[in-house]
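Results of the structural survey
What follows is each chain in one-letter form.
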Amino acid sequence: MLGAITSQYTHAAVTVNFGKDQFFTLGVGVKAQYLSKDPNATPSNSSAASASNLRIYMGAQFHKYVKTTVNLERLRDGNWNVLDGILQIEPWKAFNVWGGRMLTPSDRSNLDGPYFLSTYAFPIVAQYPGAWSGRDDGLAVWGRLLKNHFRYVAGVYRGHNWQRDASNYGEHPLFASRLEYNFLDPEPSPAYYTASTYYGKADILAIGLAGQYETDGVGTAQQKGDYKAWNIDGLFEKRIGLDARYGVYTLEGAYYQYYTDGVKDIAAGYHQRSADYGNVGGINNGTAFLASTAYLIPYTLGWGRLQPLVRYQQFRYKKDMYGPGHPKTTQFDAGANYVLDGHNLRFTFDYVRYKPMGTHASNAFLLGMQFQY
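A quick note: this is a predicted structure, and the numbers were derived from the prediction, not measured.

Pairing of strand β1 (residues 14-19) with strand β2 (residues 22-35), which is carried by five bridges, proceeds in the antiparallel orientation. Bridge pairing in β2 links T15 to T25. Connecting β1 to the next strand, β2, in antiparallel fashion are two residues, including D21 with a positive phi near 60°. As defined by bridge partners, β2 adjoins strand β17 (residues 362-372) across seven bridges and the pair is classed as antiparallel. Within β17, the position partnered with Q33 by the bridge is G368.

A word on the packing of aromatic side chains. Here the structure, examined in full by the defined rule, presents 14 aromatic pairs. Relative to W142, the ring of W98 lies with its centre 5.6 Å away and its plane at 75°, an arrangement referred to as edge-to-face. Here W142 lies in strand β7 (residues 135-145) and W98 lies in strand β6 (residues 96-103), a separation of 44 residues in the sequence. Through a chain of ring-to-ring contacts, three or more aromatic side chains come together here, namely Y128, Y256, Y258, F315, Y317 and Y322. Sitting over the face of the ring of Y115, K31 holds its NZ or CZ atom 5.6 Å from the ring centroid. Sitting over the face of the ring of Y259, K228 holds its NZ or CZ atom 5.9 Å from the ring centroid.

Basis of the calculations
- Residues numbered from 1 in each chain as written.
- Predicted model: local features only at pLDDT ≥ 70, side-chain atom pairs only at ≥ 80, totals over all residues.
- Heavy atoms only, no water.
- Pairing = 2+ DSSP bridges.
- Helix = DSSP H or I, 4+ residues; strand = E, 2+ residues; numbered from the N terminus.
- Phe/Tyr/Trp six-rings, centres within 6.5 Å; stacked < 30°, edge-to-face > 60°.
- Lys NZ or Arg CZ within 6 Å of the ring centre and 35° of its normal.

Structure representation (structure tokens):
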């Protein structure tokens, strides 16, 4: 299957028309970074450079109401995985049906994906499960109402821990939904997707509410529990002055609740080649939040504009379940984006202070680049 979603959100490198309402698009996305004092490297104080993300976008439309999507992503072990594979039936703005592998209804950060965040690194508190990068296989309906100010999406998916010896060996699906209302301009992102900054393309005040549920979604086959999660998130972005003469201010926040029915989930990637494969393990019981702010300076510096930003995140684990009291993991980011072409060409410099539960904090500097075409 081939698709047209991503081509609406980025510049398509190649577009081939076959007739009325029939076309094919091809594009690419790349993220690369240099991270000093990478806490995951060996030794722990070493630096690391990597191409953290490589994607191929493909899209097609065969009929006015029928589209398809296939996006591929290169894994860290060198293999390629199907990121998205969606058959899209879209007869009206208010009601559309998608089937295949897609982003599940969840928080703004997950629906941003790695390329449409205001910061470079994906947030640690966004922990909704997925077969790969927040995706799962299933069926969803979505739509836009009230002159595109209200968006909804709901779906049923294959779900978490679908594996022998895990809690849900093919018995129970995952149910997920999200509601969002835009009080100012409608978000210019396609379908039910989002972004955490639009660089002044619109004035945004959006509030979203998402939830997921799966019977026997966590744990082992011998000790299993129901998985429940919900979050509320908001984005405020305002152009200051006529035509953003004095810049663009951005404020984002999110609050999360994750429940595992008092059961510890199995390890991420249990019985898999790595945690990158499958939708197995790794869900924690706890409360989390994030808050971030950014300001797009109105003056051009060289070829682009600077957008200083700050973000703080905290995941607070359930009391006495993962250690005495309420252990927590925190991360603080401070830096700036150098924006040349919105989310399609951007450089990021970021200072990161990361303190995982039960260990010392680590500090790192990140220089990142992202490119989409």
